Each structure stands twice: as structure tokens, then as C-alpha cells.
Amino acid sequence: MLQEKEKQQLNEQLKNYSDRLRIPGMAIMAHQDGEKVYEYYYGFRDEKEELLVNGDTVFGVASITKSFAALAIMQLQDAGKLSVLDPVQKWLPHFALPNDGASDKVTIHHLMTHTAGLPGMYAVHLARLQSILDDPDGSYLFAGDHILHKDPISTVDDMVEIMKNTEVSLLGQPGEMFNYSNEAYALLQTIIEEASGEDFLTYMDKHVFEPLQMNRSTFLQAKLEEMDNVTEIFAYDKTPERKVFHSPSWWDVGEIYTNGSLKASVSDLMNYVDMYVGNGKFQGKTILSKDSVEQMTTPHVITPNDVEYGYGFIIGEVGGYKTFGHGGGIKGVSSFMLAVPEKKLSIVVLINIAEAPAENMALQVMRQLLKLEKEKNDLPTIDVSKEQLETYCGKYRSQEGQEVHAEINEEGQLQLLVGVSTIPLRPVADHEFLTQDNKKITFIVENGKVKAIFRGLRYIEKE
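Residues numbered from 1 in each chain as written. Predicted model: local features only at pLDDT ≥ 70, side-chain atom pairs only at ≥ 80, totals over all residues. Heavy atoms only, no water.

## Some details on helix α5 (residues 123–134)
In an α-helix there are 3.6 residues to a turn, and that puts residues three or four apart on one side. Convention followed: For the exposure calls, accessible area comes from a 1.4 Å probe over protein chains only, and a residue counts as buried if that area is under 20% of its type's maximum, exposed if over 50%, partly exposed in between. By definition, any uninterrupted DSSP run of H or I lasting at least four residues is a helix, any uninterrupted run of E lasting at least two residues is a strand, and each is numbered from the N terminus. In this description, contact between two residues means that some pair of their heavy atoms is separated by no more than 4.5 Å.
With nine of twelve residues buried, α5 is to be regarded as a mostly interior element. Within α5, the full set of buried residues consists of Ala-123, Val-124, His-125, Leu-126, Ala-127, Arg-128, Leu-129, Ser-131 and Ile-132. Next to the buried residues of α5 lie α6 (138–141), α7 (156–164), α8 (182–196) and β14 (321–330).

This is how it looks when you write it as C-alpha cells:
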């Protein structure tokens, strides 16, 4: 528990950080043993009207949504209505991978662990496309000019047809390679509906929102417009100064909800994270079995840059404590939720602009609450020849719109260019580098040739 002086110090640290980044509005809350131990609100949900953010302000949460889809799958497995080992085609007979790869071998487990072999694709973007086209700032902010002239889609069935008819190479057999896939989690929506006999929105209301008392949460844009205390959303421009501007149009994903459509208050999300910390129970009621919580928060796969992934959760360790959580980012949204089960600690950070460091904020709160020193990465720098560095140089791009340029700077150091950002890299092992904030970047090399870069949670092929 923080003393009042310590709370003020943490508030000041977060304020200075947010001021520097020009964050419009943010909500942070932490619970321990289900009780509130910290909260901090910064800025406005509506600058023009000078309306402040509070615990009930509804934000977008983006890909935190994926854990809700995984939760529904595990509830249905608890009920004996499906198994994570079921082939996807049992529930979606028309499902097929691009070029009909190993479609019959893909299981629900592969979808939930992003290991179906799917590369970065634009199918989910086509479901988002109509809202992008309707947004006056859409073409400026969206990093995917290659799809702006395609036909929008709306449903999971539409997406399945796009996926199987897209000319793209798989990354391997199911289970061989991790690549973060919005399409994989979108497919879970139909599986949930088929196994439960209910449409997805009804299922979530009945089995998740109501028992968790999440009364300030919705997947629907139309419902969002009827709610009070909803944040306005903002964006950084593409200049080096990164100026902030109001850009009020939300991007939805048609009738696909499971990959990133949830909007919720920080108070609602605290109930959700507390349930996992409580081994599947919330206020004495079982939402999910303890065994299923363990399955969701146990690593099933390790990415090429050493990130461990469960079902809808990234698994880690901070200060000797196991953690699990997930973040999200889309226009007007930066989010992160973090759980430390050993300390019964839950933390949620919601921000109303994309590309803000919500995860760093959550970790900062965790370290203060648990009195942890910031960890130093002591991996030594290794020598890499200029000839070897040159093999990494070039352009990396996926159909999803991920784009990275690697080049050698004037000091002879490898660096990445991502949008307007320059990211210096420090070599620490064969084909492995660290960024200045200790994020690992790995180059995928096959038969002596650099094939791709693995950055964050994504495999991005070299052109």
C-alpha cells in the first residue's frame, strides 16, 4: 500500500510523462485483493467542454478485446460444448487458409495462440474499411493505402472468403510460427456463436458483462453514442513534432467484434482483471474454472523475440513476479491491462490517443506499488561486421500494413525507421538486437538469407 507521499510522487511522475507525450486523457486504476489501492486521472475526455476523465469514462480498449474472446471459448470448454483442440472446420466448415494450405489441421488452440500459420493480412481491415472511408481523417491516419480502393466487408463469413482467396504464403504448418493475427481472433466469434447457440453480443452480455457487473462496456458503436461520459478521441499527426489533434470518428470492424471492438471504463475492466487474479471468481461467483484460468495464463508458445503467449494474454516476469496482460492500439486508443497473481494485483491503463506507452505506465505503477527497482538489461553488446549488418538492411512489409525499414546510420549502427520514428538497435546475439527500451528485435534467417524481421508480436517479411 502506498503512503500519501508516495502516491503524490507517482502522480507527479505520471503527470510529467503524460505532459511530455501530450496525452489528451488517461485513466489508471489498480486493485489489490479486489480493493482499490491507486487511481490516477489525467487530462480531458472532452477538451473543448473541459470535461475531465474519471473512473466511469468509457474508452476504447482495442486488442484487450482478444482476451474476452478467449474467455468465452474457455467458458464453453468448461461447459463441455467445445474443446480448444477441435479443428476450426468442425465449427466453420467453409474455413480455409490461403491456397488451402493445411486448413483441416488448424485448431481453436492455433487461433488463440496466433500459430495458424497466417501472415499479416488485410481481411480484418476490409471490415474496418467503411468506418475509415467515412472518417475525414481516415486516409491520413490509416497505414494501408493498398486497401482503400477495395470493397468493404462486414461479417466473419465475408472475411473467410477474403482470406481463402488472398494470394499470400503461409508462414508454416499450424503450430510452427507465431504471428499476431486479427483474423485468427475474428474467427473465434463464429465458433463462440455456433458452440453456444447464441449470437456473440448476447453471449457476452449474459456470461461476462452481467456477472462481472460491467455496466459501462459495449461492443457497439450505436450504443456508445447513447452513453454519457464517453471520451472523445485524438491522434498524433505525422510530423516529427507529433502534434495532437482532435479526430472524433471511431473505427469499428463491421459486425466483427472479437479482435478489438470493445469499449469500457477503467472501473469495468478492473472487475474483469480481478476475476483472473481471483482464479476465475468474482464476488464469490465462478465465471471461469481455475483450470481454465491457468490454461489462459500459461505460455503455449514463445515468439522468435522471446515473448511468451497464452490464450489472449502475454505472459512475463517483472521483479521476480509472474505477470500476464495484454495491450491494444488503434485510432484513438492505447490500452494495457496487467495482473500479478502472486500479489493479487490488477492494473488497467486507458488512453484516448493511439501510440501512447500504456504498458510503460502500467509497469511504472506496478513497480511503485510493489517497491521494485527498474530492471536493467545486462545483455552485453556483441560485435557484428558491417557486411553482416548490411544483410539486414532493406524494407519489410506485410499485407496488414506493417512497414519497417532497416538501415545503417552514420555511426555504423543498425537502426529501424518506423513512420517518423528512428529506432537504434544494439546487437546482443546472432540476428538479435535490443531497442533503447529493451524490446528485442529478431531477424528471421533461412539458408543464410534474411527472410523477415520479428518486431513486437509480428512477423514482417523482407521485400
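## Focus: the packing of helix α2 (residues 65–78) against helix α9 (residues 200–209)
We count it as follows: Axes, fitted as lines to C-alpha atoms, cover a helix only where it is in contact. Angles between the N-to-C directions of the axes lie from 0 to 180 degrees. Each angle gets one of four labels, with under 35 degrees taken as roughly parallel, over 145 as roughly antiparallel, 65 to 115 as roughly perpendicular, and the rest as oblique. Polar here means any residue other than Ala, Val, Leu, Ile, Met, Phe, Trp, Tyr, Cys and Pro, which are nonpolar, and Asp, Glu, Lys and Arg, which are charged; Gly is therefore polar.
Two elements in contact, α2 and α9, have axes whose closest approach is 11 Å; the angle formed by their N-to-C orientations is 80°. In terms of orientation, α2 lies roughly perpendicular with respect to α9. Packed against α2, whose contacting residues are Phe-68, Leu-71, Ala-72, Gln-75 and Leu-76, the element α9 presents Tyr-203, Met-204, His-207, Val-208 and Phe-209 at the interface. Residue composition of the contact of α2 with α9, by class: eight nonpolar, two polar and no charged.

## Digging into the packing of aromatic side chains
Test applied: Aromatic contacts are taken between Phe, Tyr and Trp rings whose centres are within 6.5 Å, Trp giving its six-membered ring; a plane angle under 30 degrees counts as stacked, one over 60 as edge-to-face, and the others as tilted. Lysine NZ or arginine CZ positioned within 6 Å of the ring centre and within 35 degrees of the ring normal marks a charge as sitting over the ring.
One pass over the structure, following the stated rule, counts 17 aromatic pairs. Relative to Tyr-276, the ring of Tyr-272 has its centre 5.0 Å away and its plane inclined at 90°; by these criteria the two rings are edge-to-face. One end of the pair, Tyr-272, and the other, Tyr-276, are both in helix α11 (residues 266–277), four residues apart, so they sit about a helical turn from each other. With a centroid separation of 5.6 Å and an interplanar angle of 85°, the aromatic rings of Phe-433 and Phe-443 are classed as edge-to-face. In this pair, Phe-433 sits in strand β22 (residues 432–434) while Phe-443 sits in strand β23 (residues 440–446), placing the two residues ten residues apart along the sequence. Given a relative accessible area of 2%, Phe-443 falls into the buried group. Through a chain of ring-to-ring contacts, three or more aromatic side chains come together here, namely Phe-68, Tyr-272, Tyr-276, Phe-313 and Phe-324. Seen from the ring of Tyr-140, Lys-238 lies directly overhead, with NZ or CZ sitting 5.1 Å from the centre.

## Section: the pairing of strand β18 (residues 403–408)
As a reminder of what qualifies: DSSP bridges decide pairing: two strands pair if at least two such bridges lie between them.
Where strand β17 (residues 394–397) and β18 come together, four bridges link them in antiparallel fashion. Following the sheet pairing, Arg-397 is matched in β18 by Glu-403. The antiparallel hairpin formed by β17 and β18 contains five residues in its connecting segment, where Gly-401 sits at a positive phi of about 115°. Inspection of the sheet shows β18 paired to strand β19 (residues 414–418) by four bridges, in the antiparallel sense. Bridge pairing in β19 places Ile-408 opposite Leu-414.

## Brief notes about the side chain of Glu-432
What counts here: Here a polar contact is recorded for every N or O atom pair within 3.5 Å, except that within protein the pair must consist of a potential hydrogen donor and a potential acceptor, and residues adjacent in sequence are included only if both atoms are side-chain atoms.
By the secondary structure assignment, Glu-432 is in strand β22. At 3.4 Å, the side chain of Glu-432 forms a polar contact with the side chain of Lys-440. Filtering out sequence-adjacent residues up to four positions away, Glu-432 remains in contact with Pro-304, Arg-426, Pro-427, Lys-440, Ile-441 and Thr-442.

## A short note on helix α1 (residues 4–21)
Which entries qualify depends on this criterion: To estimate the expected span of a helix, count its residues, drop one, and scale the result by 1.5 Å. This arc is taken over the directions from the axis of the helix to the C-beta atoms.
Between its first and last C-alpha atoms α1 spans 26 Å; for 18 residues at 1.5 Å apiece the expected length is 26 Å, and the two agree. Buried within α1 we find Leu-10, Asn-11, Leu-14, Tyr-17 and Ser-18. Projected down its long axis, α1 carries its buried residues within an arc of 130°, all on one side. Facing away from the buried side of α1, by more than 90 degrees, are the exposed residues Lys-5 and Arg-20. Against β1 (25–32), β2 (35–46) and α13 (358–369) lie the buried residues of α1.

## Thoughts on the environment of Ile-28
With respect to the secondary-structure elements, Ile-28 resides in strand β1. Of the residues examined, Ile-28 reaches a relative accessible area of 0% and is grouped as buried. Sequence separation between Ile-28 and Tyr-42 is 14 residues, and the spatial gap between their C-alpha atoms is 8.7 Å. Apart from residues lying up to four places away in sequence, Ile-28 is in contact with Leu-14, Tyr-38, Glu-39, Tyr-40, Tyr-41, Val-266, Val-348, Val-349, Met-361 and Val-365.

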